[in-house]
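Spelled out, the chains give:
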Amino acid sequence: MKQINKVAVLGAGVMGATIAAHLANAGIQVLLLDIVPRETNDAEKSAGLTTDDPKVRNRIAAAGLEGLKKMKPAPFFLTSYAANIETGNFEDDLSKLKDCDWVIEVVIENMAIKKQLFTEKVVPNLKEGAVLSTNTSGLSINEIAECLPENVRKNLLVTHFFNPPRYMRLLEIVSCSATDPAVTAFMADFISKRLGKGIVYAKDTPNFIANRIGVYAICNCVRTMLEMGMTVEEVDAVAGPATARPKSAAFRTADLVGVDTLQHVANNSYELLVNDEQREIFKFPDFIKEMVAKGLLGNKSKQGFFKKVKGEQGQEFFYYDYTTGEYAPSQRPKFASIEAAKSIDDPAKRLRSLITAGDKAAKFAWINLRDTLIYTFNRIPEIADDIVNIDNAMKWGFNWELGPFEMLDAVGVAYFVERAEQDGVKVPAGLKSVEYFYKFENGKKYYYGIVDGQYYEVPQKPTHISLTILKKNDKVVEKNSGASVIDLGDGVFCLEFHTKMNAIGGEILSMTHKAIRRAEEDGVGLVIANDGSMFSAGANLMLLVMAIAEGAYDEIAMTVKGFQKAMMAIKYSRIPVVAAPHNLVMGGGCETCLHADAIIPHAETYMGLVELGVGLLPAGGGTKEMAVRAIKLAEEFEVDATPFIFKNYMNIAMAKVSMSAAELIPMGFMRQGDAITMDIDKRIHDAKLKAISLAANYRPGRPLTDLKAPGRGVAASIKSQLWNMQQGGFISEYDQYLASAVADVITGGDVPAGTLITEEYLLDLEREAFVRLCGQKKTLERIQHMLKKGKPLRN
């Protein structure tokens, strides 16, 4: 196979358009086609257009593209990436398929329509050697192959994206019997690297892997709920994080994907799975059919199993009471077992804790888990060849924290079998002979082969550096309760955070100095990265609240100074430091990245200096670094620093957070030479390579002593705008007070423009302002509100 430079997406509905958007995110040229409208609409008629006009003929594809620009969550990393998409139609533009290396069909889920599109329109215009794939969520690829010529069949695949394609990591690949294995391997590698997808290999069976297991689990929730007389709200309290599954649990997931869509997939399963031992469970009860008939379809109709209504007291929440067919006010159910599980971070221990408790929630969790895991065990080799593909499908497609077989290991296979048999449930003979499904031996991870009872090494991409496996291989060279230093090989070390939400406290700051010293003495570079669910939520606010409550302001000042010292140690180490952030990178986490020589963020990185939301300002060098970057940029181009200062000031004052790594560039958080990684598994590998390349000719810097302060005049200009905003009711008085404090620091304090200042002086200003704000009652209220509610308070 050659490179893939241009892709055609056939079908501009929500799924087709969002797949096109994600291809554009990856820098690929896209041709988005759909049908020609049968007639003009009112707007076209009034403009004097006819069905012969290109604007009319391309209307459906063009509307799909326009819809992407307003869609939430945003399908593009940057809306300007829409320029990568060209629109057209199935009648006038099919000849353009000759320029496309990959053609993806995303039309209605109807076998006859798909076959007709392929045979009549696609195949006659297909480029020789181009890959042809369908985004079907469950139709047979071998049946589709029957209508295609032999030379096309060898390049035919299912590439099943999950919705929304930008955010859902899973992509299921299904080959037909004639697909060339080299094509499958090439596409898996390309989609993994360029689109950042987690690849799972499924069999040609209805609904493939994730929907087969995920929909079974939800159907089982429905049946068990009816048997136990529980409400949908009670079920969702159990079927979420307490059972190592996402917050959307069962019924909020149904609302998210659409109750009608879920019913369609369940019906499809029932119709096609004639030999499935659990076939009857896919028949939904009448109340769900009635919900669909009444248009209670979930998020898209603003009411499904749940709805919210704006009332006098703000948002009011309701759940669907299937016994009455009406909505009932939310009861926010509490169970002792769920409350206990909330305090356990480790998903395996959390799951074990819940199912061994004795209340109604624990009983529901056990029954749903028992049935789902036995059902999943029975699906090998029917839907997949091994447990790794199934576990990854559920983690990447349904956001489970643990896959089904990881869950069995978590609760203990022997315990599971014994308890299931006590319930009178038929346990598969093969399950009784398993001790555990995963094991580590000689520094390698192995999985259990259900078909032959042998253990096999878990496949790992050469570009995937797993810190977990390195730690099992005794590569930890320094460690405390908050962070570790891990030897990545080739003279590069990794500083890994491992506190709750990777919040930065004394242990991490202490280990930062040790990591730098280790890399300076024994290596060539340092990477800052971790395998947690987020890079870092920022500084530890709980410790700060306790210090404020005790009036320990000298201690707070010392802590902040310690944070600043660690950041300056990163910036001025004798070896290059590269940060590899992912997901949430807030406050102190962002400051850590700003002081690194380079950053290699994952594409889905949400980074910001958000301290103003808790009544503070960035004081770990964040405000200082934003000032320095603005001043240096102005010097480089020999222009006034004011516009650069104002732009960087707005990042802090508005607590801006990037909605993708691509947004870090215009925000000034990424610099020339930094790069974005689409594949999250490749992030640490790429950062390591960056550190090695920088080390070849690394020149350590020295703290800056000749910065020209923007001065009090620029601060006064900012403050006058703040006064106008406060008078107009756009910000509160306290917002104005906080933003003014930031203005004073970022402009270099109460000095005339052009006064020479140092980095250390800016750090002093930051620290003094931070401690001063800690003494304000309204700041304490903001911090406490954030800790309690997880949302900022505007007071």
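Residues numbered from 1 in each chain as written. Predicted model: local features only at pLDDT ≥ 70, side-chain atom pairs only at ≥ 80, totals over all residues. Heavy atoms only, no water.

Whenever I open this one, the overall build of the chain confuses me. Can you help?
In terms of regular secondary structure, the chain is built from 33 helices and 24 strands. Relative to its length of 795 residues, the chain is compact, with a C-alpha radius of gyration of 28 Å against a globular reference of 28 Å. Over its C-alpha atoms, taken along the principal directions, the chain stretches across nearly 80 × 70 × 60 Å. When the 795 residues of the chain are sorted by exposure, 54% land in the buried category. (Helix = DSSP H or I, 4+ residues; strand = E, 2+ residues; numbered from the N terminus. Rg over C-alpha atoms; globule rule 2.2 N^0.38 Å. Buried < 20%, exposed > 50% of the residue type's maximum accessible area, 1.4 Å probe, protein only.)

Help me understand the packing of aromatic side chains, please; the structure alone is not making it clear to me.
Inspection of the entire model under this criterion finds 20 aromatic pairs. Their ring planes at 75° and their centres at 5.5 Å tell us that Tyr320 and Tyr327 sit as a pair that is edge-to-face. Considered together, Tyr320 and Tyr327 belong to a single accessibility category, that of buried residues. Relative to Tyr737, the ring of Tyr734 has its centre 5.6 Å away and its plane inclined at 20°; by these criteria the two rings are stacked. (Phe/Tyr/Trp six-rings, centres within 6.5 Å; stacked < 30°, edge-to-face > 60°.)

Explain the nonpolar core to me, please; I cannot follow it from the model alone.
Side chains that are nonpolar tend, in soluble globular proteins, to be buried together. One finds Phe305, Phe405 and Phe437 to be the most contacted residues of the largest nonpolar core, which totals 123 residues. Here this core gets eleven residues from one element, more than from any other, and that element is helix H16 (residues 360-377). Not counting chain neighbours up to four residues away, the residues in contact with Phe305 comprise Val232, Phe251, Ala254, Asp255, Val259, Phe287, Ile288, Met291, Phe318, Tyr319, Tyr320 and Tyr327. (Core = buried A, V, L, I, M, F, W, Y, C linked by side-chain atoms within 4.5 Å. Contact = heavy atoms within 4.5 Å.)

What should I look at first to understand the packing of H16 against helix H18 (residues 404-411) in this one?
In a packed pair of helices, the relevant descriptors are the angle between the two axes and the axis-to-axis distance. The N-to-C vectors of H16 and H18 enclose an angle of 125°; their axes lie 10 Å apart at closest approach. By the criterion of interaxial angle, the relationship of H16 to H18 is oblique. Here H16 and H18 pass one another in a crossing that is left-handed. The residues of H18 that touch H16, namely those facing Leu369, Leu373, Thr376 and Phe377, are Pro404, Phe405, Met407, Leu408 and Val411. Across the contact of H16 with H18, the residue classes tally to eight nonpolar, one polar and no charged. (Axes fitted to C-alpha atoms, helices over the stretch in contact; angles between N-to-C directions. Parallel < 35°, antiparallel > 145°, perpendicular 65-115°, else oblique. Left-handed = near helix turned anticlockwise from the far one by under 90°. Nonpolar A, V, L, I, M, F, W, Y, C, P; charged D, E, K, R; others polar.)

Teacher, can you tell me more about the packing of helix H24 (residues 553-571) against helix H32 (residues 759-774) here?
One way to put it is that H24 packs onto H32 with a least axis distance of 10 Å and a crossing angle of 145°. Crossing of H24 over H32 shows right-handed handedness. Each of Tyr553, Ile556, Ala557, Val560, Lys561, Gln564, Met568 and Lys571 in H24 lies in contact with H32, whose residues at this interface are Glu759, Leu763, Glu766, Arg767, Phe770, Val771 and Cys774. Classifying every residue of the contact of H24 with H32 by side-chain character gives nine nonpolar, one polar and five charged.

So what exactly am I meant to see when it comes to the sheet that holds strand S13 (residues 444-448) here?
Two strands in a sheet stick together by hydrogen bonds in their backbones, pointing the same way (parallel) or opposite ways (antiparallel). Read from one edge to the other, the open sheet built from three strands follows the order S12-S13-S14, with strand pairing classed as antiparallel. One side of each edge strand has no neighbouring strand; the edge strands of this open sheet are strand S12 (438-441) and strand S14 (455-457). Mean inter-strand twist for the sheet, computed between neighbouring axes without regard to direction, equals 35°. Pairing between S12 and S13: four bridges, direction antiparallel. What sits directly across from Lys439, in S13, is Tyr446. (Pairing = 2+ DSSP bridges.)

Sorry if this is basic, but what is going on with the sheet that holds strand S7 (residues 170-175) here?
With mixed pairing, eight strands are arranged side by side in an open sheet as S3-S2-S1-S4-S5-S6-S7-S8. Edge strands, defined here as strands with exactly one partner in the open sheet, are strand S3 (85-89) and strand S8 (198-201). For this sheet the average axis-to-axis angle between neighbouring strands, irrespective of direction, equals 25°. Two strands pair when backbone bridges link them, and S7 and S8 are joined in this way by four bridges, in the parallel orientation. The partner of Leu170 across the bridge, within S8, is Gly198. Contacts between helix H17 (residues 387-397) and the sheet are confined to S7 and S8, with S8 contributing the most and set at about 135° to the helix.

Help me understand unusual backbone geometry in this model?
Generally, phi is negative for residues other than glycine and the peptide bonds are trans, each holding for most cases. Cis geometry marks the peptide bond from Asn163 to Pro164, where omega comes out at 0°. Within the secondary structure, Pro164 sits in the loop between strand S6 (156-161) and S7. Here Asn502, not a glycine, exhibits a phi torsion of approximately 50°, which is positive. Within the secondary structure layout, Asn502 lies in the loop between strand S17 (492-497) and helix H22 (506-522).

What am I meant to see in the environment of Leu470 here?
The topology assignment puts Leu470 in helix H21 (residues 467-472). Leu470 sits 16 residues away from Ile486 along the chain, and the two C-alpha atoms are 7.5 Å apart. Those residues in contact with Leu470 that lie beyond four places of it in its chain are Ile465, Lys475, Ile486, Asp487 and Leu488.

Could you clarify how one ought to interpret the state of the cysteines in this entry?
By definition, a disulfide links the sulfur atoms of two cysteine residues through a covalent bond. Using the criterion set out here, one finds zero disulfides in the structure. There is no disulfide at Cys176, and the cysteine sulfur nearest it, in Cys147, is 11 Å away. You can call Cys176 buried: its relative accessible area is 6%. (Disulfide = S-S within 2.5 Å.)

What's the story with the pairing of S17 in this structure? I'm lost.
Here is the key point about a regular strand: its side chains alternate between the two faces of the sheet. Counting buried residues along S17, six of its six residues qualify, which places the element largely inside the surrounding structure. Neither face of S17 is left uncovered, since the one carrying Val492, Cys494 and Glu496 and the one carrying Phe493, Leu495 and Phe497 both have all their residues buried. Where strand S16 (residues 483-489) folds back onto S17 in an antiparallel hairpin, the turn is made up of two residues, including Asp490, whose phi is positive at roughly 60°. For the crossover from S17 across H22 to strand S18 (residues 525-528), the handedness is right-handed. (Right-handed = clockwise from strand over helix to strand, strands pointing away.)

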